[in-house]
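Examining the three-dimensional arrangement
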Amino acid sequence: MNSPAPGFGLIAAAAGKDSHVDPLAGIPTVDEPLKTKDFKTDQEVRWCPGCGDYAVLAAVQSFLPELNIRRENIVFVSGIGCSSRFPYYMNTYGMHSIHGRAPAIATGLAISRPDLSVWVVTGDGDALSIGGNHLIHALRRNVNLKVLLFNNRIYGLTKGQYSPTSEQGKVTKSTPLGSLDVPFNPVSLALGAEASFVARTIDSDRKHLTGVLRAAAHHRGTALVEIYQNCNIFNDGAFELLKAPDTRDDAVIRLEHGEPIRFGAEGQHGVARMPDGTLRVVDVAEYGTKRLLVHDAHAPNPEVAFALSRLADPSSLNATAIGVYRDVHRATYDDLLHEQIAAAVDDQGIGDRPVLEDLIAGKDTWHVDT
Amino acid sequence: MAKQVVQLDRVIIRFAGDSGDGMQLTGDRFTSETAMLGNDLATLPDFPAEIRAPAGTLPGVSAFQLHFADHDIMTPGDAPNVLVAMNPAALKANLPDLPRGSDLIVNTDEFTKRNLHRVGYDESPMEDGSLEAYRVHAIPLTSMTVGALKDVDVTRKEAERAKNMFALGLLCWLYHRPTEGTIAFLEQKFASKPTLLRANTIAFEAGWSFGETTEDFSVSYEIKPAPVRPGQYRNISGNLAMAHGLLAASWRSGLPLFLGSYPITPASDILHELSKHKRFGVRTFQAEDEIAGVGAALGAAFGGHLGVTTTSGPGLALKAETVGLAVSLELPLVICDIQRGGPSTGLPTKTEQSDLLQALYGRNGEAPVPVVAPRSPSDCFNAAVEAVRIAVTYRTPVIVLSDGYLANGSEPWRIPDLDELPTIDPEFATEPNHTSADGKEEFWPYLRDPETLARAWAAPGTAGLEHRIGGLEKQDGSGNVSYDPANHDLMVRTRQAKVDRIAASIPPLEVDDPGDDADILVLGWGSTYGPIGAAVRRCRDAGLHVAQAHFRHLNPLPDNTEHVLKRYRTVLLPEMNLGQLAMLLRGRFLVDVISYTQVRGMPFKAAELASVIQEAASDE
Ligand SMILES: Cc1ncc(C[n+]2csc(CCOP(=O)(O)OP(=O)(O)O)c2C)c(N)n1
Ligand code: SF4
Ligand SMILES: [Mg+2]
């Protein structure tokens, strides 16, 4: 084995320089386009037949080639849970870590290696229960990470206890008389945690899912993508209202940047802002189209996005908005850190051996001859 | 009139005052001047956990002890020869340690009725004859400082605050310390506040002149430099040495340093120090908690960097699960635990060695982790380098066990030549290392070096070596998930064997037994080296034949450990815990190790240990 150590000092410290122009700046690109099959591993996928995780895996594997970045520069880091087995099935670098800690581990990786595209795969229990602290701080810091939060509103791997996104009153093995606590709305939580990119999508809607993944990949900073994922074993049909052909049009609000917010099979419902500032679902025939809220994913202030996230019924999920709630540019933690490093090198010179020797010797030294 | 100059071979000074009196700074400055003179020295800062405990109270007393000599010394000293007491609380808290006949310098301005009452003195000890056994120097330090500053445009409060510089000036005169360093220090510290610079400089010089002119001090003292190995020297504290050791090891290995940490006493200074060194490409990350700190460091290690986390006992507890993951992932990771008194929050600013078993065994599953312990403040540099060497060479997390005494204490240090550092070679994998049955070249992350058992380490960005690792048990070689019972048994034993193999790369346990005829062996590990060494010296001076051996590596233990233990009739092991290493050695080697323990938050006193050794030796 020979040893191409990355060299003492700086690795691609200036990667952030063109980030405004190219959100993938610093990540090496491919010479030959990759294909879906390049991202598949030889490992047998072990989710239950019919699990929503399969659809997400397929969508990710088929969309990654379009980023034109090198496979060896992509890393998937996950926590623990059914969904967290994801990295084993991706032919990239990957780490299946410990329960809840993937955002912390990925943060260290992303900060050290700006030449990598780092993805976090996590579940509703992993991200919002044991790992809640890491998630909110990753969002606040805006480290360059893409977080795929597989929300099945249940603990799958431990066989069906309620989770922090389960509706109140949920009857599970650990809550035979119904759960007592109110669920988190992951989008509201992320917006409150200063997230610069927040989106929601559904496992069964491949096109929508892919569109959201694409938007997340092109966001420099922490992107939180909540994916409603069916666990057909322990919480089957959790999102049926949003999926069934006869209910979905009235239950799902599809957000499109720059478009008035309308939904329903005929676009008969709309979202409007009331004089008191709150958002309300209105009947378009009655209310007209002119005063409907136009979705602005790039609004600097997250208030309207937050209000949109509150339209959904916390229990049934009726009137759930999907799509990109928020996508704003904010300097990332890693880019800012690399700027500090670059500035220190500019000001003081690079820390090479003589500088290290001076540092270790300090200012007050004395010499002993004999 | 020139005063008499008396030669001394060693002195122990203790500065004691209120937390707000600047005693740590005063001690630090005196230490710097002493180091520059070439005396050997050792220091012991002792301060309260509260930032500003109520002024004038016993819990608010902050002290700094310094031992310096014309020969090599091993501890900050048991009892001071000189106590500087800035107020009644400082006097009351420290007088019990002061041997009769010692010098006592007292700031009489603070001995007001109110202050005396506050600490339970009904009458002033300055007047009731209770200090007759000491050479008392009653000096109105505060008012003399204020008087010296009457022409300087500072508030009364600012003037009073300069009294520590007056005291420092006086002590510098008394012990012939140079003054240039302190003047230069003040110039830097108050560069943007010229009036305060003037005030502090004048106070310092006034203290010096006072010593020169007052009748109170008829003699001054000289302590000659200590003979030491030739070389360039500096004074260094344990935490600073640790930070520099990590930097040096980063340079040596070519791996950029990543520190993920959450602030905790007494470890935070390492984070503070390394955060200053961006020009070396050091990335410091103040995480949301200890778990994130070690997690981020592990993430950086996965990325091919040198991942380090620094903490104290409570933080090590939180990091346990992640350290276990690192054991399973077989990635280099360095965890520095600067131990303090426990359990729980315990004694944050006091020292203890009670995390040994936590470091060795505090994880789920069979999760062996190498453990390295520095023996003195400057030795933290070597321990850090050694930890990095083991971590990188063997692809394993390594725990460094320092403690509050080493972290804050300081001593002169011969600055090492970077060429003396051991080789640290990450040997990253760059190409496939296995051919599959169908002839495909592939990368197996769990193929091992036959000698070290270190696995192949490929960093992301290396084309063709894409692989997945995780906390689930892995198939030997391929690293694929495996639930096979025989494979798990093999992997558990292999991870243990890998740690055991480290012993081949460490020196044997060295025994200091001058006549090769000692009846008793005194063992130790970590920061007890100084006190044990000083105690052994005393015993030898008294004619006892005593051997001493000190562990740097707690896991694996040096190969000759059993042999050494079985060579002596009596084996004594002092520890600042309830006998953790003693239990381990007894269990492992069936040797009747006598455990002597103290958990007082302070290092052992040499005199006490000497009598314990004498007693153990005579029990035979
Ligand atoms: C420290 C720790 N505590 C508990 C567990 C057990 N555990 C594993 S996965 C899990 C919940 C997973 O739920 P979620 O994140 O929603 O993932 P899903 O399986 O639903 O995809 C729990 C409690 C664990 N592995 N580690
Ligand atoms: S338990 Fe549920 S989430 Fe887990 S694999 Fe099965 S279906 Fe999927
Ligand atoms: Mg779940």
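Since the model is a prediction, treat every value here as computed from it, not as a measurement. (Residues numbered from 1 in each chain as written. Chains lettered and ligands numbered in written order. Predicted model: local features only at pLDDT ≥ 70, side-chain atom pairs only at ≥ 80, totals over all residues. Heavy atoms only, no water.)

Topic: helix α20 (residues 606–618) of chain B
Residues and elements named next belong to chain B. Look at α20: 18 Å from first C-alpha to last across 13 residues, which is about the 18 Å you get at 1.5 Å a residue. Among the residues of α20, those classed as buried are A606, L609, A610, V612, I613 and A616. Seen along its axis, α20 keeps its buried residues to an arc of 165 degrees; they face one direction. Exposed residues on α20 whose side chains face more than 90 degrees from its buried face are E615 and S618. For α20, the elements touching its buried residues are β21 (520–525), α17 (529–541), β22 (546–551), β24 (570–575) and β25 (594–597). (Helix = DSSP H or I, 4+ residues; strand = E, 2+ residues; numbered from the N terminus. Expected span 1.5 Å × (residues − 1). Buried < 20%, exposed > 50% of the residue type's maximum accessible area, 1.4 Å probe, protein only. Arc of directions from axis to C-beta. Contact = heavy atoms within 4.5 Å.)

Structural notes on the site of ligand 1
If you check the shell around ligand 1, you find 17 residues, and the closest are C82, S83, D124, G125 and D126 of chain A. This site is not confined to one chain, since residues near ligand 1 come from chains A and B. In the model, an oxygen atom of ligand 1 is placed 2.9 Å from a nitrogen or oxygen of the G125 of chain A main chain. Backbone polar atom of I154 of chain A to an oxygen atom of ligand 1: 3.1 Å apart, as the coordinates give it. Compared with its free state, where it exposes 590 Å², ligand 1 has 77% of that area covered by protein. (Near = heavy atom within 4 Å. Polar contact = N/O pair within 3.5 Å; in protein donor to acceptor, adjacent residues only side chain to side chain. Areas by Shrake-Rupley, 256 points an atom, 1.4 Å probe, with all protein chains shown as cover.)

Points about the domain arrangement of chain B
Residue and element names in this part refer to chain B. Taken domain by domain, chain B consists of domain 1 (4–222), domain 2 (233–420) and domain 3 (511–618). For domain 1 and domain 3, the distance between their C-alpha centroids amounts to 36 Å. Tallying the contact residues gives 8 residues for domain 1 and 12 residues for domain 3. Together, the buried faces of domain 1 and domain 3 total about 840 Å²; carbon and sulfur atoms form 59% of this surface. For the domain 1 face of the interface with domain 3, the top three residues by lost area are M74, T75 and D78, together amounting to 66%. Inspection of the region where domain 1 meets domain 3 yields 1 salt bridge. Between R537 and D72 there is a salt bridge, with its nearest N and O atoms 3.1 Å apart. Here domain 1 and domain 3 share 3 residue pairs in polar contact (both at pLDDT 80 or more) between them. Here the residues of the side of domain 1 that touches domain 3 sort into 3 nonpolar, 1 polar and 4 charged. (Domains from an automatic or database assignment. Buried area = accessible area lost by both parts, 1.4 Å probe. Salt bridge = Lys/Arg side-chain N within 4 Å of Asp/Glu carboxyl O. Nonpolar A, V, L, I, M, F, W, Y, C, P; charged D, E, K, R; others polar.)

Quick word on the packing of α17 of chain B against α20 of chain B
Residue and element names in this part refer to chain B. The N-to-C vectors of α17 and α20 enclose an angle of 60 degrees; their axes lie 8 Å apart at closest approach. Considering their axes alone, α17 and α20 lie oblique with respect to each other. Between α17 and α20 lies a crossing whose hand is right-handed. Where α17 abuts α20, its residues P531, I532, A534, A535, V536, R538 and C539 lie against A606, A607, L609, A610, I613 and Q614. (Axes fitted to C-alpha atoms, helices over the stretch in contact; angles between N-to-C directions. Parallel < 35°, antiparallel > 145°, perpendicular 65-115°, else oblique. Left-handed = near helix turned anticlockwise from the far one by under 90°.)

Concerning the sheet that holds strand β10 (residues 279–283) of chain A
Residue and element names in this part refer to chain A. In spatial order, the strands read β8-β9-β10; together these 3 strands make up an open sheet with antiparallel pairing. Of all strands in the sheet, those bounded by a partner on one side alone are β8 (262–263) and β10. Across 5 bridges, strand β9 (residues 269–273) lies against β10 in antiparallel orientation. Bridged to A272 within β10 is R280. (Pairing = 2+ DSSP bridges.)

Focus: the confidence of the model for chain A
Close inspection of predicted coordinates is inappropriate for parts of the model with low pLDDT. The predicted model of chain A has a mean per-residue pLDDT of 94, with 94% of residues at 70 or higher. Note on residues 1–16 of chain A: pLDDT under 50 across the span, and 50 contacts to partners over four residues away in sequence or across chains. (pLDDT = per-residue confidence, 0-100.)

Focus on the confidence of the model for chain B
Within chain B, residue pLDDT values average 96, and 100% of them lie at 70 or more. This prediction of the complex comes with two scores: 0.94 for pTM and 0.96 for ipTM.

A short note on the sheet that holds strand β5 (residues 82–85) of chain B
Either a parallel or an antiparallel arrangement is found when strands of a sheet pair, and the pairing is made through backbone hydrogen bonds. All names here are of chain B. The 6 strands lie next to each other as β3-β4-β2-β5-β6-β7, forming an open sheet whose pairing is mixed. Strands at the two margins of the open sheet, each flanked by one partner only, are β3 (40–46) and β7 (135–139). Adjacent strand axes in the sheet meet at a mean angle of 15 degrees, parallel and antiparallel pairs treated alike. When β5 meets strand β6 (residues 103–107), the two strands line up parallel, connected through 4 bridges.

Quick look at the nonpolar core
Residues and elements named next belong to chain B. Grouped together as the largest cluster of nonpolar side chains are 164 residues, with contacts concentrated most on L246, L523 and L585. Two domains each provide a minimum of three residues to this core, namely domain 2 (233–420) and domain 3 (511–618). Apart from residues lying up to four places away in sequence, L246 is in contact with L257, I270, L274, L306, V308, V334, C336, A384 and V388. (Core = buried A, V, L, I, M, F, W, Y, C linked by side-chain atoms within 4.5 Å.)

A look at the environment of V5 of chain B
Residue and element names in this part refer to chain B. Assignment of secondary structure puts V5 in strand β1 (residues 4–8). Here V5 falls in the partly exposed class, since its relative accessible area comes to 38%. Excluding residues within four positions of it along the chain, V5 makes contact with H176, S220 and E222.

Examining the side chain of H134 of chain A
Position of H134 of chain A relative to the elements: it lies in helix α4 (residues 132–141). What makes H134 of chain A buried here is its relative accessible area of 1%. Other than its neighbours up to four places away in sequence, H134 of chain A contacts G100, R101, P103 and A104 of chain A together with E288, D289, I291 and A292 of chain B.

Focus on the pattern of salt bridges
Residues and elements named next belong to chain A. Considering all chains together, one arrives at 34 salt bridges over all chains under this definition. One salt bridge in this structure joins R214 and E66, with 2.5 Å as the shortest N-O distance. Highlighted residues: R214 in helix α6 (residues 206–217) and E66 in the loop between α1 (53–63) and β1 (74–78), separated in sequence by 148 residues.

Thoughts on the coordination of the magnesium ion (ligand 3)
All names here are of chain A. Around the magnesium ion (ligand 3), the protein contributes the donor atoms D124 (OD), N152 (OD1) and I154 (O), at 2.0 to 2.2 Å from the metal centre. Mapping the donors of the magnesium ion (ligand 3) onto the primary sequence gives the spacing D-x27-N-x1-I. Each member of the pair, N152 together with I154, is buried. (Donors = N, O, S within 2.8 Å, 3.2 Å for Na, K, Ca; no water.)

Details of the site of ligand 2
Taken together, W47, C48, C51, C82, N152, Q229, C231, N232, I233 and F234 of chain A are the residues near ligand 2. In terms of residue class, the shell around ligand 2 is made up of 7 nonpolar, 3 polar and no charged.

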